[in-house]
Amino acid sequence: MRLIVHNMLSCNIRGVANKFPLRIEPKKIIVKEVDFNPDFLKHMIAKIDWKALVDGARSMGYTELPDHAPDTTTLESDESFLRKFHHSLLELHLEEGSLVCSETGRKFPVNKGIPNMLLHEDEV
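Procedures and definitions
Residues numbered from 1 in each chain as written. Predicted model: local features only at pLDDT ≥ 70, side-chain atom pairs only at ≥ 80, totals over all residues. Heavy atoms only, no water. Phe/Tyr/Trp six-rings, centres within 6.5 Å; stacked < 30°, edge-to-face > 60°. Helix = DSSP H or I, 4+ residues; strand = E, 2+ residues; numbered from the N terminus. Buried < 20%, exposed > 50% of the residue type's maximum accessible area, 1.4 Å probe, protein only.

A. Representation of the packing of aromatic side chains. Counted by the stated rule, this structure contains three aromatic pairs. An angle of 35° between the planes, with centres 5.9 Å apart, marks the rings of Trp-50 and Phe-81 as tilted. On the criterion of sequence distance, the pair formed by Trp-50 in helix H3 (residues 50-59) and Phe-81 in helix H5 (residues 79-91) is long-range, its members being 31 residues apart. For the pair Trp-50 and Phe-85, a centre-to-centre distance of 5.7 Å together with 40° between the ring planes defines the contact as tilted. With Trp-50 in helix H3 and Phe-85 in helix H5, this residue pair connects regions lying 35 residues apart in the sequence. Each member of the pair, Trp-50 as well as Phe-85, carries the same accessibility label: buried. An aromatic cluster is built from Trp-50, Phe-81 and Phe-85, whose rings are joined through pairwise contacts.

In structure tokens, the structure reads:
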């Protein structure tokens, strides 16, 4: 599971108010190379919750992202930043582990890179 996917997932248990972000508990992380596309990254950054991305990357051992989202000047002129953003968003994969709801503590397993977000009958 890439961090771009993690950035779109939330806990949908009935009654949960704090649905996002899910905390990552990694067991196995792999890196898969993806072609670098700066235009894609420049368009995606507005759709990404920056704090969730940074926290997710750090929980997977990647600490190269700044605490705050960059300004448009940085996006246009700093290829080094874009490569770090690219690596964290698209190349880091949570292969095995869990996504944890911060409110309930419910763990959603991730196996072979696929998050299982199915709810139990009493959670619907």
